[in-house]
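# Results of the structural survey
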Amino acid sequence: MSESTAHAKESATQTMRTNALDSLCDGVWIAELNGDVLYRSAAAAIMESMYWSRDGHVCTMADAVFESGVLSRLRVNGRESGEYELCGDLNPGEGAQFYTVEMQMQVLTGAVGAEALSFHARDVTREWAKGKVVHDRHIELGQVNARIKATQSQLLQSEKMASIGQLAAGVAHEINNPIGYVHSNLNTLQTYAHDLLSLLAGYENICQKLPSEYQHLLGSIQEIKARADYGYLQNDLPQLIEESREGIERVKKIVMDLRDFSHAGELENEQWAETDLHRGLQSTLNIVWNELKYKAEVREQFGDIPTISCLPSQLNQVFLNLLVNAGHAITERGIITIATRQVDGEICISIADTGQGIAPANLLRIFDPFFTTKPIGKGTGLGLSLSYGIVQKHHGRIEVESTVGVGTTFRVYLPLRQPSMTIHSIETNNNLGA
Ligand SMILES: Nc1ncnc2c1ncn2[C@@H]1O[C@H](COP(=O)(O)OP(=O)(O)O)[C@@H](O)[C@H]1O
Ligand SMILES: [Mg+2]
């Protein structure tokens, strides 16, 4: 092959190589060791004409890639890589297109060692975007999962409360009947005893007035009176009946509270009803009284509030959770203040305690299902998350304010009027379906 033919062939090969490199979407640069560009492919030229940025600074490609720091590292290590963001606009507005470019740099060695540098830029925007979609989806799924878990635990808790409600309602119903007739019989007994004692007093009066020649006839009666301790019996009988009556009144009240509280076990298909919240607070307080009485003085500061449309026994659960938590927070003795008032278009029910308070780090987590600082058996960590859900269903909100060592105030805000009854029925139906 003649020299000129060989040269022509070499030149054709060179052109083919250049064309091949120009047909790539990736950018290719060959540069001298000092960064002077010897060759750039078509895509490389386009990339180079754009604005580059690294770590938030906008610059030219030369500033970003051929700067002395990168080059000297490259010369020492033989390889380098980096990721850059590219944009066609110097001041990109909304909707501007950004590209992410991954750059592989390499020292090219020849017969006498390092001879040149090669730079290979690949647009990874699409891959990166795909990765971002997957990443976003992952986060979304995590959130959905957390929501499902929260709903599940709420359902669990509602289920538990519903069973307790049904149980309470059942027991209350069973007790109510016998209590009814014991109560009524005691009333009659009280009247009978009173009549009998009056009758005996009448006889006694007559006996005292009997002439002395007839007094010996009363001997056996005196004996019976002494045996029965008539003087004492006379005073004690009405007292006994009165005490029993009071006892039965109290039992009746507890049964009524239980029924009120459980709303006759209609928790799961409870209807929205116009309700006096003070009644709910009072009956709930009676239910938890046993747990609170040794620890706290309970102060009631009930304001003037109208009745509101709500799911009464569900709100009672909220009050119950808040009151029990307040009781738990008090270690020795403290005060629990239950206050109600109307503010603008809302009713505010606050339950404040002088307990141990909540650490700021925990404040953000107390409404999370299963978050509890209580020992096993005392806390499930579901009370507040359940309460949160119930209040949300009422289009209200719960706020908390707490200082460690001073106390905590929970405020439940409920709208005076629910947005619309259609929404209620839809939500109630959803609950039924759930
Ligand atoms: N009144 C309060 N004072 C102090 N901490 C409280 C109070 N109410 C709630 N907390 C904190 O919030 C956590 C979660 O409460 P809750 O959801 O009712 O679950 P539980 O009572 O079963 O722990 C409690 O463990 C407690 O740390
Ligand atoms: Mg609790």
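See above for the structure.
Residues numbered from 1 in each chain as written. Chains lettered and ligands numbered in written order. Predicted model: local features only at pLDDT ≥ 70, side-chain atom pairs only at ≥ 80, totals over all residues. Heavy atoms only, no water.

### Observations regarding the pattern of salt bridges
All told, the structure shown has ten salt bridges when counted by the stated rule. Residue E297 is joined to R299 by a salt bridge in which the shortest nitrogen-to-oxygen separation is 2.8 Å. Judged by its relative accessible area of 36%, R299 is partly exposed. Across the pair R411 and E401 runs a salt bridge, and its minimum N-O distance is 3.0 Å. Placement of R411 in strand β14 (residues 407-415) and of E401 in strand β13 (residues 397-403) is noted, with a sequence separation of ten residues between them. Three or more residues are tied together by salt bridges with common partners; here these are E346, R397 and E399. (Salt bridge = Lys/Arg side-chain N within 4 Å of Asp/Glu carboxyl O. Buried < 20%, exposed > 50% of the residue type's maximum accessible area, 1.4 Å probe, protein only. Helix = DSSP H or I, 4+ residues; strand = E, 2+ residues; numbered from the N terminus.)

### Looking at the environment of W272
Take W272: it is sitting in the loop between α7 (230-262) and β8 (273-275). Looking at W272, the relative accessible area reads 14%, which means it is buried. Here the alpha-carbon distance between W272 and L311, two residues 39 residues apart in the chain, equals 4.9 Å.

### Considering the nonpolar core
Residues L277 and I336 are the most contacted members of the largest nonpolar core, which totals 36 residues. Within the residue set of this core, elements represented by two or more residues are α8 (277-292), β9 (296-302), β10 (308-310), α9 (312-329), β11 (334-343), β12 (346-353), α11 (383-393) and β14. When residues in this core are grouped by element, the largest group, eight residues, is from α9. Those residues in contact with I336 that sit more than four places away from it in its chain are L292, A296, E297, V298, R299, L323, A326, G327, I330, I351, A352 and D353. Listed in part, the 23 residues of the second largest apolar core include F66, L74, L86 and M103. (Core = buried A, V, L, I, M, F, W, Y, C linked by side-chain atoms within 4.5 Å. Contact = heavy atoms within 4.5 Å.)

### Structural notes on the sheet that holds strand β4 (residues 57-59)
Within the open sheet, the seven strands sit side by side as β2-β1-β7-β6-β5-β3-β4. Their pairing is antiparallel. Here the strands that pair on one side only, and so sit at the sheet edges, are β2 (37-40) and β4. Neighbouring strand axes in the sheet, compared pairwise and without regard to direction, differ in orientation by 30° on average. As paired elements, strand β3 (residues 51-54) and strand β5 (residues 79-87) share three bridges and run antiparallel to each other. (Pairing = 2+ DSSP bridges. Axes fitted to C-alpha atoms, helices over the stretch in contact; angles between N-to-C directions.)

### So, the site of ligand 1
Around ligand 1, the surrounding shell holds 19 residues, and the nearest of these are T372, T373, K374, T380 and G381. L384 is positioned with one of its backbone polar atoms (N or O) 2.8 Å from an oxygen atom of ligand 1. The separation between a nitrogen atom of ligand 1 and a polar side-chain atom of T408 is 3.4 Å. Taken by itself ligand 1 offers 530 Å² of open surface, and the protein chains cover 94% of this. Looking at the shell around ligand 1, the elements with two or more residues in it are α9, α11 and β14. With three residues, the single largest contributor to the shell around ligand 1 is α9. Here the shell around ligand 1 is composed, by residue class, of eight nonpolar, nine polar and two charged. (Near = heavy atom within 4 Å. Polar contact = N/O pair within 3.5 Å; in protein donor to acceptor, adjacent residues only side chain to side chain. Areas by Shrake-Rupley, 256 points an atom, 1.4 Å probe, with all protein chains shown as cover. Nonpolar A, V, L, I, M, F, W, Y, C, P; charged D, E, K, R; others polar.)

### Focus: the packing of aromatic side chains
Inspection of every chain in the model, using the stated rule, returns four aromatic pairs. A centroid spacing of 5.2 Å and a plane angle of 50° characterise the contact between F367 and Y388, whose relative ring orientation is tilted. Placement of the pair is F367 in the loop between α10 (360-363) and α11 and Y388 in helix α11, with a sequence separation of 21 residues. Looking at F367, the relative accessible area reads 19%, which means it is buried. The class of Y388 is partly exposed, set by a relative accessible area of 36%. Put simply, the rings of F367, Y388 and F410 touch in pairs and so form one group of aromatic residues. Cation over ring: R397 sits above Y413, and NZ or CZ is 4.1 Å from the ring centre. (Phe/Tyr/Trp six-rings, centres within 6.5 Å; stacked < 30°, edge-to-face > 60°. Lys NZ or Arg CZ within 6 Å of the ring centre and 35° of its normal.)

### Here's the deal with the packing of α9 against α11
When two helices pack together, their arrangement is given by the angle between their axes and by how far apart the axes lie. At a closest axis distance of 9 Å, the pairing of α9 and α11 adopts a crossing angle of 145°. When you trace α9 past α11, the crossing you get is left-handed. Counted together, Q314, L315, Q317, V318, N321, L322 and N325 of α9 and G383, L384, L386, S387, I390, V391 and K393 of α11 form the full contact between these two elements. Here the contact of α9 with α11 is built from residues that sort into seven nonpolar, six polar and one charged. (Left-handed = near helix turned anticlockwise from the far one by under 90°.)

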